[in-house]
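Structure assessment
The primary structure of each chain is shown beneath.
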Amino acid sequence: MITDFMAAADAAEASGRTLALGRAAQQLELKRGEFDLAVQLGHVRTVREDLSARPRVAVEEIERIRSAEGFPDALRERVRVVGTTEASQLLDIATHRFTRLARAGHFTPVKCYLNRYRAVVWLYLAEELTDMALRYPSLLSDRRLPKELLGRLETGEDRRPRNWRARRASMLLRQTEDPWERAAGIATALDAAHLAEIVSDPYERAYLARLRPEPTRVGPDSPAAREIIERLQLAQDPDEVLWYRMDLARTLEVARSTRPAPRPDWERKPFQAAALPSSAVADSVPAASVPEPVVAFPAPAPAVPGPTPALPIPTAAMADPVVGAPAPTPAPAVPEPAVAIPAVPPLTAHQPAPVLFPRPQQVEPVAGRGRLRRGLARIRRPRTTARTTTTTAP
């Protein structure tokens, strides 16, 4: 009880020095979408008391951002996003030219959402577009695009989803230092089949699913919108899938060396006893169980016809008897036990007993039946004759 009370007091004290994300967005005068993007980009740092707890913002971090020069306009400008039309106006180029440059991979989206037609609308950081225009002015001012870029566009290549996935993974890795959470962020770009090949342990996959970051908000929450965004988050190209697989395998090695994934007690590896020395094993085995060595005797030589050789006489028998010594007493004969053998009846050929079948009983005719039949026949015959006569009459 005292330990639980102290833990609750420490948590209350810590929550007094931190703010929830919604309250922190109000203190920084940002919308919730702008605040989430600021956290993902690293402009606002968050803390967590535990891996299962929601991130919070320390009061010191709020004070640091509010005391910066140009607050809050400077912070809003750093998280301002624009669409294709506004981006082309910002760069002073045509809309279709900006779209082709973005499809070729020169501009990386930072967010996306679905419109009412369920089409993906990409958003870009205005600050990055301005820096791009200053560093590569020829890419925007030249009348013709490079041949390499035109060749990729003719094949139908669109690198916006791939660049967005790479940027999203980097933003997720920037928010945490825990290796298991970093692995969970990388695993969001792989489907279940690739994830099962890399992470064969089901308890590790369950742990990664529990640490999986929240899905991207795309506006109206509907099953169709979630399906589109989930498909958009998965790597498509073979080289992209290979890159995420290698990155996940490398991050998992670091995570396993840090701590194992939680699992139930009955699933943990059993204790393996140390191997005993050979002498202890030999002493523990009973003598009766030790097999005796098998001695191979040579096969006897074949018998050769001829005189029977004389048997050798033992040396003790050839020695002279001692004078005055009593004659050796013969050993008493031990009678063999009589075994009663039951008498066996003589074997005879098996003769099966004859099978007797009952004879069928003869049914004697009942007296009077024949007379009855003859009487009926006499009665019917005249009627038949009369009918015939009646029918054939003219």
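That block above? That's the structure.
Our subject in this report is the structure included herewith.

Definitions and cut-offs
Residue positions are counted from 1 within each chain, in the order its sequence is given. Totals for whole chains, interfaces and linings use all residues, but because this is a predicted model, local features are given only for residues with pLDDT of at least 70 and pairs of side-chain atoms are given and counted only at 80 or more. Working from all heavy atoms in the structure, the side-chain values ignore hydrogens and water. By this definition, two strands are paired if DSSP reports at least two bridges between them. In DSSP terms, a helix is any run of H or I states spanning at least four residues, a strand is any run of E spanning at least two, and both are numbered starting from the N terminus. When checking whether two residues touch, look at their non-hydrogen atoms; a contact exists if any pair is within 4.5 Å. What counts as an axis is a line fitted to C-alpha atoms, over the stretch in contact for a helix, and the angles between N-to-C directions run from 0 to 180 degrees. Residues grouped as a nonpolar core are buried Ala, Val, Leu, Ile, Met, Phe, Trp, Tyr and Cys residues, joined through side-chain atoms within 4.5 Å. Only protein chains enter the accessibility calculation, which uses a 1.4 Å probe. A residue is then buried if its area is under 20% of the maximum for its type, exposed if over 50%, and partly exposed in between. In a helix, the anticipated span is given by 1.5 Å times the number of residues less one. Put simply, a salt bridge is a Lys or Arg side-chain nitrogen that is within 4 Å of an Asp or Glu carboxyl oxygen. When an angle is under 35 degrees it counts as roughly parallel; over 145 it counts as roughly antiparallel; between 65 and 115 it counts as roughly perpendicular; any other value is oblique. Definitions for this section: a left-handed crossing has its near helix turned counterclockwise from the far helix by less than a right angle. A right-handed crossing has that turn clockwise. Residues are grouped as follows: Ala, Val, Leu, Ile, Met, Phe, Trp, Tyr, Cys and Pro are nonpolar; Asp, Glu, Lys and Arg are charged; every other residue, Gly included, is polar.

Before going further, it helps to examine the sheet that holds strand 3 (residues 81-82). Within the open sheet, the 3 strands sit side by side as 3-5-4. Their pairing is antiparallel. Every interior strand has two partners, whereas the edge strands, strand 3 and strand 4 (111-114), have only one. Judged from the 2 bridges that link them, strand 3 and strand 5 (residues 120-125) form a sheet pairing that is antiparallel. Its bridge partner lying in strand 5, Val82 is registered against Tyr124. Taken strand by strand, helix 11 (residues 160-174) contacts strand 4 and strand 5, and its axis lies near 55° from that of strand 5. Relative to strand 4, helix 15 (residues 223-233) is tilted by about 145°, and along the sheet it contacts strand 4 and strand 5.

Glancing now at the nonpolar core. Counting 24 residues, the largest nonpolar core has Leu91, Phe98, Leu101, Phe107, Tyr124 and Leu129 as the members making the most contacts within it. Among the secondary structure elements, those contributing two or more residues to this core are helix 6 (84-91), helix 7 (95-103), strand 5, helix 8 (126-135), helix 9 (137-141), helix 10 (147-154) and helix 15. Here Leu91 is in contact with Phe98, Phe107, Leu129, Ala133 and Leu140, once residues within four sequence places are set aside. In this structure, Leu173, Ala184, Ile186 and Ala235 belong to the second largest nonpolar core, which totals 21 residues.

Moving on: the pairing of strand 5. Relative to strand 5, strand 4 is paired through 4 bridges, and the arrangement is antiparallel. Across the sheet, Lys111 pairs through a bridge with Leu123, a residue of strand 5. Joining the antiparallel neighbours strand 4 and strand 5 is a turn of 5 residues, in which Arg118 adopts a positive phi near 60°.

For the rest of this paragraph, the subject is helix 16 (residues 238-258). With 21 residues, helix 16 should reach 30 Å at 1.5 Å per residue; the first-to-last C-alpha distance of 31 Å fits that figure. All of the buried residues in helix 16 are Glu240, Val241, Tyr244, Arg245, Asp247, Leu248, Thr251, Leu252 and Ala255. Contacts from the buried residues of helix 16 go to helix 11, helix 12 (179-187), helix 13 (192-198) and helix 14 (202-210).

In an α-helix there are 3.6 residues to a turn, and that puts residues three or four apart on one side. Over its 15 residues, helix 11 runs 21 Å from end to end, which matches the ideal 21 Å to within 8%, given 1.5 Å per residue. Taken across its 15 residues, helix 11 has 11 buried, putting it largely inside the fold. Buried within helix 11 we find Arg160, Pro161, Asn163, Trp164, Arg165, Arg167, Arg168, Ala169, Met171, Leu172 and Leu173.

Bringing the side chain of Asn163 into the picture now. Of note, Asn163 is situated in helix 11. The exposure class of Asn163 is buried, given its relative accessible area of 15%. Apart from the residues lying within four places of it in its own chain, the contact partners of Asn163 are Gly105, Phe107, Thr108 and Pro109.

Side chains that carry opposite charge are capable of pairing whenever their charged atoms lie near each other. What the rule picks out here adds up to 21 salt bridges. In this structure, Glu214 engages Arg54 in a salt bridge whose closest nitrogen and oxygen atoms are separated by 3.2 Å. Taken as a pair, Glu214 in the loop between helix 14 and helix 15 and Arg54 in the loop between helix 3 (32-41) and strand 2 (57-58) lie far apart in primary sequence, 160 residues in all. Measuring nitrogen to oxygen at the nearest pair gives 3.7 Å for the salt bridge that ties Asp158 to Arg103. Separated by 55 residues along the polypeptide, Asp158 in the loop between helix 10 and helix 11 and Arg103 in helix 7 bring together distant segments of the chain. On the basis of relative accessible area, Asp158 is assigned to the partly exposed category, the value being 29%. The network of salt bridges with common partners includes Arg45, Glu61 and Arg64.

Pro72 follows Phe71 through a cis peptide bond whose omega is 5°. Tracing the chain through its elements places Pro72 in the loop between helix 4 (59-66) and helix 5 (73-78). The residue Arg118 is not glycine, and still its phi comes out positive at about 60°. Looking at the element boundaries, Arg118 is found in the loop between strand 4 and strand 5. Its relative accessible area of 56% is what places Arg118 among the exposed residues.

With that settled, consider the packing of helix 12 against helix 16. Contact geometry for helix 12 and helix 16: axes closest at 8 Å, N-to-C directions at 160°. Our classification of the angle between helix 12 and helix 16 gives roughly antiparallel. Remark: the crossing between helix 12 and helix 16 carries left-handed chirality. Each of Pro179, Trp180, Arg182, Ala183, Ile186 and Ala187 in helix 12 lies in contact with helix 16, whose residues at this interface are Tyr244, Asp247, Leu248, Thr251, Leu252, Val254, Ala255, Arg256 and Thr258. Per-class residue counts for the contact of helix 12 with helix 16 are 10 nonpolar, 2 polar and 3 charged.

Any functional reading would require information beyond the geometric quantities listed.
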